[in-house]
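# Descriptive analysis of the structure
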Amino acid sequence: MVEPLSVTRKRFLKALKGEAVDRPPFWIMRQAGRYLPEYRAVRATTKNFVSFCLDSEKACAVTLQPIERYGMDAAILFSDILIVPHGLGQNVRFVEGEGPRLDPVTDAGGLARLTRDGFDARVSAVYETVRLLAKRLPEDVALIGFAGAPWTVATYMVAGQGGNEQKAARLWAYRDPEGFQRLIDLVTEATIDYLAAQVEAGAEALQIFDTWAGSLPEHELARWVFAPIARIRAALRARFPHVPVIGFAKGIGPALPRLAAATGVEAVGVDAGVPLAFVRDHVQPTATVQGNMDPLLVVAGGKAMHDRIEETLRTLGPDRFVFNLGHGVVPETPPEHVAALARQIREWRP
């Protein structure tokens, strides 16, 4: 098991633990990705996206690329949230220009075809990527492991793709909540094992992505969003009490202040739709917050980006805050705009 590391040299871990920092740490969701020419060069050498995620050397290389270029305070493992369904035996593939496609799981028969037997063998390359990164990252850069939250992962598993307001999963949950609960339970238990193995391999913090949490009405959040994340957090805390967890439940708006208390996560990711003052007054008092600049501001760059960075830093920094975007960096983002963002944050002082 990974022993607790001194956080004195890792600004990101200090912020997650609520300790004082000289300036807010930063990283960017999807910081390794298509906006970087060096990423595209590596991606072109791999036949498909799933095999790319499961090529440890290449996944390690692209994880390191934004660190080498921009000097973020944390690196996040390059992988995909659909590696968990792949590990459970579901057929997962990515169609160029369209996104992920899975063989849908829509009933008890589909559930019966999924299994945790052999899960670790099917995803073992991810753990090797983490081990490589733990050896190759600079000493002051923290390593983040991650997984999709059970609700979001289940929406892909049921629909066979993303989008469409997650109707298939929502309808199953309404019509047959006990049957849908069995799917959520399976994904939850697999995710616990998956994240625990990442910590064993060297991850120092974890993020749980619930990208489609905002598709649920508030009265459904407790069962399908908060409860599964709480189970994951409790299981991980029992084994790794020193490893902090960030919960990112995109689009839940007024329910965001409940996330930390309901799940036990140490930090709350905030999407771009949440006002900074609301975050400061209602979320930050109980958890470190992470976010939340609109990714399109990094595409625009210039004064608009500069002013929003300054406003965010002054409103939420320096303590109990990690600067990030409200969602992932988009492919059309100019790399020089990310460089300007990184420079502004590194130079900022309260």
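What counts, and at which threshold
Residues numbered from 1 in each chain as written. Predicted model: local features only at pLDDT ≥ 70, side-chain atom pairs only at ≥ 80, totals over all residues. Heavy atoms only, no water. UniProt positions renumbered as here; feature names shortened; annotations may be inferred. Pairing = 2+ DSSP bridges. Helix = DSSP H or I, 4+ residues; strand = E, 2+ residues; numbered from the N terminus. Axes fitted to C-alpha atoms, helices over the stretch in contact; angles between N-to-C directions. 1 Å grid on protein atoms, 1.4 Å probe; cavity = no way out; pocket = protein on both sides within 12 Å on 5 of 7 lines; lining within 4 Å. Points joined across faces, edges and corners; volume = space filled by probe spheres on them. Nonpolar A, V, L, I, M, F, W, Y, C, P; charged D, E, K, R; others polar. Buried < 20%, exposed > 50% of the residue type's maximum accessible area, 1.4 Å probe, protein only. Parallel < 35°, antiparallel > 145°, perpendicular 65-115°, else oblique. Left-handed = near helix turned anticlockwise from the far one by under 90°. Contact = heavy atoms within 4.5 Å. Polar contact = N/O pair within 3.5 Å; in protein donor to acceptor, adjacent residues only side chain to side chain. Disulfide = S-S within 2.5 Å.

Under the annotation held in an unreviewed UniProt entry, the chain carries the name Uroporphyrinogen decarboxylase and is attributed to Zavarzinia compransoris. According to the UniProt record, the Sequence similarities (unreviewed entry) comment for the chain reads "Belongs to the uroporphyrinogen decarboxylase family."

## Things to note about the sheet that holds strand β7 (residues 267-270)
Strands sit in the order β1-β4-β5-β6-β7-β8-β9 across an open sheet of seven strands; the sheet is parallel. A strand with exactly one partner marks an edge of an open sheet, and here the two such strands are β1 (74-76) and β9 (321-325). For this sheet, the mean angle separating the axes of adjacent strands, direction not counted, is 25°. Strand direction decides the pairing type here: strand β5 (residues 205-210) and strand β6 (residues 245-249), joined by five bridges, are parallel. For Phe209, the partnering residue across the bridge sits in β6 and is Phe248.

## Topic: the layout of surface pockets
By volume, the largest pocket is sized at about 1,300 Å³. Taken together, 36 residues make up the lining of the largest pocket; nearest its centre are Arg30, Arg34, Phe49, Asp80 and Phe94. A total of three residues in the lining of the largest pocket trace back to one element, the largest contributor, which is helix α2 (residues 37-43). Its residues placed into classes, the lining of the largest pocket shows 20 nonpolar, nine polar and seven charged.

## Describing the pairing of strand β8 (residues 288-293)
Burial analysis of β8 places six of its six residues in the buried class, which makes it a mostly covered element. Across four bridges, β7 lies against β8 in parallel orientation. Note on β8: the bridge partner recorded for Val268 is Val289. Relative to β9, β8 is paired through five bridges, and the arrangement is parallel. For Met293, the partnering residue across the bridge sits in β9 and is Leu325.

## Quick look at the packing of helix α13 (residues 276-283) against helix α15 (residues 302-316)
The geometry of α13 relative to α15 is characterised by a closest axis approach of 10 Å and an angle of 15° between their N-to-C directions. One finds that α13 runs roughly parallel with respect to α15. As α13 runs across α15, the sense of the crossing is right-handed. Residues Leu276, Ala277, Val279 and Arg280 of α13 touch α15, and the partners they reach there are Arg308, Glu311, Thr312, Thr315 and Leu316. Its residues assigned to classes, the contact of α13 with α15 comprises four nonpolar, two polar and three charged.

## Things to note about the side chain of Thr333
Structurally, the position occupied by Thr333 is in the loop between β9 and α16 (335-347). A polar contact is formed between the side chain of Thr333 and the backbone oxygen of Val330, at a distance of 2.7 Å. Ignoring anything within four residues of it in the chain, the contact list for Thr333 reads Tyr35, Val298, Val299 and Val338.

## Some details on the state of the cysteines
A complete count under the given rule lists zero disulfides for this structure. Cys53 forms no disulfide, and the closest cysteine sulfur to it belongs to Cys60, at a distance of 14 Å. Cys60 gets classed as buried once you look at its relative accessible area, which sits at 0%.

## As for unusual backbone geometry
Asn292 follows Gly291 through a cis peptide bond whose omega is -10°. Here Asn292 is to be found in strand β8. A cis amide bond, omega 0°, links Gly317 with the succeeding residue Pro318. Within the element layout of this structure, Pro318 appears in the loop between α15 and β9. Although it is not a glycine, Gln166 sits at a positive phi angle of roughly 55°. Examined against the element boundaries, Gln166 turns out to sit in the loop between α8 (150-159) and α9 (167-175).

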